[in-house]
Amino acid sequence: MRRAMLSLAGLVAGTTLLVSLKSAPGASRLPGQVAADNAALAVHAAVSATPTPGGGPVDGLPSAPEITVPTASGAPATTKGPTPKPTATATRPPTAPKPPSGQPTNTLGDSYSTEFGYVTVGVTLLNGKLTAVFTDELPADEPRSKSLSDKWGPVLCQRALTAQSTTFDTATGATYTSLAFKQSLQSAFDKAGFATR
Amino acid sequence: MTFFAPEQTGGLRTGGPPIRRPPRAHSLAGRDVILVLLWVGFGVGLYVWWRDTPTASLNNRGELLIGAGRILGLAAGYLLLMVVLLRSRVGVLERLVGAEALSRWHRDFGGVLVVTVLAHASLILVGYAVLDDVTWLHELSVLMGEYQDMTSAVVAVCILVGLGLLAIRAIRTVMPYELWKLLHLSSYLVLLLSYGHQFANGQQLFRPGPARTYWVGLYVVVLAGLAWGRLIGPLLFNLGHGFRVADVVDEGPDVISIYLSGRRLRTAGRAGQFFRWRFLAPGVWLQAHPFSLSAATNGRWLRLTVKTVGGHTTALRGLRTGTRVWAQGPMGSFTATRRTRGRALLIAGGIGIGPIRALLEELPLGASVIYRASSVDDVVLRAELDRIAELRDADVWYVLGSRYDAAPRALLTGGGMLQIVPDVRNRDVYLCGPHGFVRAARSALRSAGVPRRQMHDTLFEF
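Residues numbered from 1 in each chain as written. Chains lettered and ligands numbered in written order. Predicted model: local features only at pLDDT ≥ 70, side-chain atom pairs only at ≥ 80, totals over all residues. Heavy atoms only, no water.

**What about the overall build of chain B?**
Okay, step 1: If you tally the helices and strands in chain B, you get 16 helices and 11 strands.
Okay, step 2: In chain B, once contacts between residues fewer than 6 apart in sequence are set aside, the share between residues at least 24 apart is 73%.
Okay, step 3: When the accessible surface of chain B is split by element, carbon and sulfur atoms take 63% of a total near 20,400 Å². (Helix = DSSP H or I, 4+ residues; strand = E, 2+ residues; numbered from the N terminus. Contact = heavy atoms within 4.5 Å. Areas by Shrake-Rupley, 256 points an atom, 1.4 Å probe, with all protein chains shown as cover.)

**Concerning the pattern of salt bridges**
All names here are of chain B.
Okay, step 1: On inspection of all chains with the given rule, the structure shows 11 salt bridges over all chains.
Okay, step 2: Ionic pairing is found between D250 and R317, a salt bridge with its closest N-O pair at 2.8 Å. Placement of D250 in strand β1 (residues 244-252) and of R317 in the loop between α11 (311-315) and β6 (325-331) is noted, with a sequence separation of 67 residues between them.
Okay, step 3: The shortest N-O distance in the salt bridge between D457 and R442 comes to 2.6 Å. With D457 in strand β11 (residues 455-458) and R442 in helix α16 (residues 435-447), the pair connects residues that are 15 residues apart, well separated along the chain.
Okay, step 4: In this structure D457 comes out as buried when scored by relative accessible area, which is 17%.
Okay, step 5: Ionic contacts of the salt-bridge type, sharing partners, join the residues R303, R357, E361 and E384 into one network. (Salt bridge = Lys/Arg side-chain N within 4 Å of Asp/Glu carboxyl O. Buried < 20%, exposed > 50% of the residue type's maximum accessible area, 1.4 Å probe, protein only.)

**Some remarks on the sheet that holds β6(B)**
Residue and element names in this part refer to chain B.
Okay, step 1: Taken in spatial order, the three strands of this open sheet run β4-β3-β6, and their pairing is antiparallel. Both outer strands of the open sheet, β4 (289-292) and β6, are each paired with one neighbouring strand and no more. Strand-to-strand twist in this sheet, taken as the mean axis angle between neighbours without regard to direction, amounts to 30°.
Okay, step 2: In the sheet, strand β3 (residues 274-279) pairs with β6 via five bridges, with the strands oriented antiparallel. (Pairing = 2+ DSSP bridges. Axes fitted to C-alpha atoms, helices over the stretch in contact; angles between N-to-C directions.)

**Overview of unusual backbone geometry**
Okay, step 1: In this structure, the amide linkage connecting B:G329 to the following residue, B:P330, adopts the cis form with an omega of -5°.
Okay, step 2: You can see B:P330 is positioned in strand β6.
Okay, step 3: Located in the positive-phi region is A:N127, a residue other than glycine, with phi close to 55°.
Okay, step 4: Within the secondary structure, A:N127 is located in the loop between β2 (117-126) and β3 (129-137).
Okay, step 5: Even without glycine at this site, B:L381 takes up a positive phi of about 60°.
Okay, step 6: Within the secondary structure layout, B:L381 lies in the loop between β8 (368-373) and α13 (382-391).
Okay, step 7: Overall, B:L381 belongs to the buried group, its relative accessible area being 5%.

**Some words on the confidence of the model for chain A**
Residues and elements named next belong to chain A.
Okay, step 1: Of the residues in chain A, 60% reach a pLDDT of 70 or more, and the chain-wide mean stands at 68.
Okay, step 2: Per-residue pLDDT, averaged within each element of chain A, yields its smallest value for helix α2 (residues 31-44) (44) and its largest for helix α1 (residues 2-21) (89).
Okay, step 3: Note that pLDDT drops below 50 for residues 31-97; the model gives that stretch 108 contacts with residues more than four away or on any other chain. (pLDDT = per-residue confidence, 0-100.)

**Details of the nonpolar core**
Okay, step 1: Ranked by size, the top nonpolar core spans 49 residues in total, and within it B:M82 and B:W215 carry the most contacts.
Okay, step 2: Every element with two or more residues in this core is listed here: α1 of chain A together with α1 (29-52), α2 (61-86), α4 (99-132), α6 (150-166), α9 (187-201) and α10 (210-241) of chain B.
Okay, step 3: The contacts of B:M82, once residues within four sequence positions are left out, are B:L38, B:L218 and B:V222. (Core = buried A, V, L, I, M, F, W, Y, C linked by side-chain atoms within 4.5 Å.)

**A short note on the pairing of β2(A)**
Residue and element names in this part refer to chain A.
Okay, step 1: For β2, the buried fraction is high: nine of the 10 residues fall into the buried class.
Okay, step 2: Turn length for the strand β1 (residues 105-114)-β2 hairpin, with the two strands adjacent in sequence and antiparallel, is two residues.
Okay, step 3: Direction of pairing for β2 relative to β3: antiparallel, over a ladder of seven bridges. Note that in β3 the partner of V121 across the bridge is T135.
Okay, step 4: Where β2 hands over to β3, the hairpin turn is made up of two residues, of which N127 adopts a positive phi near 55°.

**Focus on the sheet that holds β2(A)**
Residue and element names in this part refer to chain A.
Okay, step 1: Here three strands make up an open sheet; going across it, the order is β1-β2-β3 and the pairing antiparallel. A single partner strand is all that each edge strand has here, and the edge strands are β1 and β3. On average, each strand axis in the sheet is tilted by 20° relative to the strand beside it, whichever way the strands run.
Okay, step 2: Relative to the sheet, helix α4 (residues 175-192) contacts β1, β2 and β3, its axis offset from that of β1 by approximately 145°.

**Some points on α4(A)**
Residue and element names in this part refer to chain A.
Okay, step 1: A rise of 1.5 Å per residue sets the reference length of α4, with its 18 residues, at 26 Å; its end C-alpha atoms lie 26 Å apart and thus fit the reference within 8%.
Okay, step 2: For α4, the complete set of buried residues consists of T177, S178, A180, F181, K182, S184, L185, S187, A188, F189 and K191.
Okay, step 3: Taken together, the buried residues of α4 touch β1, β2, β3 and α3 (143-163).
Okay, step 4: The positive-phi residue at the C-terminal boundary of α4 is G193, with phi of around 70°. (Expected span 1.5 Å × (residues − 1).)

**Digging into a positive patch on the surface**
Okay, step 1: The grouping of B:R244, B:R263, B:R264 and B:R324 at the surface amounts to a positive patch.
Okay, step 2: Under the relative-accessibility criterion, B:R244 is labelled partly exposed at 30%. (Patch = residues over 30% accessible without salt bridge, like charges linked within 9 Å, V, L, I, M, F, W, Y side chains within 5 Å. Lys, Arg positive; Asp, Glu negative; His and termini not counted. Charge placed at Lys NZ, Arg CZ, Asp CG, Glu CD.)

Dropping the structure here:
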């Protein structure tokens, strides 16, 4: 009994110590604030990296220097778990030549970071019409994000396609991902020169 | 008449050297080695979290709570495996740690496990609720609905908490032992049900990598331990020895000795150890009871001396010669190998004399025995005790009477102990008997100045 009590006390103390060693100063802020900060920062974060071989539906894109996204605490961006793979994202200039008609084109939007990982959305246009919305990247750094992404990714794509715009219901329980999804989608629209209704 | 008549027992008359050499003593280091291994394994489990969590990444309240929840999750997962492993009856653990310490550790770790699991679940739940800015009830429905294997994990928590409550002494003691044991089997269900969510949703475990490999390795070790300790080991042991009832002999009021025959009996166990015996006869085969050997192994027979108090033990009187016996063991580290000194004092209370009598044969010459019984009629094995004592240069003190009589009361004081055995501080003390008696004797020995590490006892209750 005494041993059990001692072990419990040790476990509580040890856990507190470990957590506080890994915590950032001012860590008791509410996540909403942090997310808001993140969102503000993320708007500027047109993250692009060296294209990985076969890394996305769009290839032959020029490479751009990698940009580090600062997190709310001011530390360099290190997402939970192993660092995410460099993402191949579209930086197609808006003045891209119009593709020959009758051929579908894929365009990737910018990557937007959420607290849980990056969101990159792509669109497929055929003769100026939006025929498909797909995700190139969704938060998957932890099982929770992954399961939310797996669940809501297709739903959001479908909603976007139906709405033909960025005006559709966000996913419950995945608000930040939905917001980043819309931002990325908008940038894909802009790049592809697709005018929303 | 068989040759098992009491006056011929003890292996003293025929065969083998009349005076055994005591087995080599081994140190207590084995227990420490196991303890260190357990701690190292625990440390590695937590290091996995440390390595995967970047510095300063816990930057809000939700993340802090989840971080703590994950640490406790890893701790709980590890504890669950160890609690099961400690009870796997693997020979190495039984020998190095001893059944008594194992069951103590199992109980303590089990208690910690229940609290840890509850803390893990609530921290994760509240942490995610804070992150998502929803109520914890809503978060609970999200977790249950959208995550793989979470329902079974919640069931596992419920079973575990239920078992934890049942284990509270006041509740456990009103339950029949067999029911308690049956309910306790559901802990395997906990192992099974909690497994899925660890690998599907565990932040450190859901991805392939060293952490996951380590965790899988732990499961493999524990499952192998269970398979060996619970199935293969007992099977080989029983097939090898083939125990059968040879004779049942009256030793005194309510006390019988059961003699067993079999093959290679000398290697079956050590004096002081016990087995869980299942007599494969109608009416008694459903229950397995722990009885100690009441004579050192001698190559011709094994003997158990049993007080026939309950229904089951009374039924054992009717055992027929030739009845097959299934044994699980040997268990316990209450053996001569545990001694740290050149001499020993053995203290028996009531039927605890069985293992003490066996140990007397294996301990170094010059031991002392204190045998506490309520009356002369209750003294069993007296003739052989006296004879072994003579052969082994030991003295035997019979302390008789009710616990309120002068002599028994004096015995259970530091002064009383010193009076009977003046050099008690320089002896190992082996204690066996009812719980209360052993506790009282231990405290008397402590006040007589016997260091704790020189006291060895065995418990009859587990």
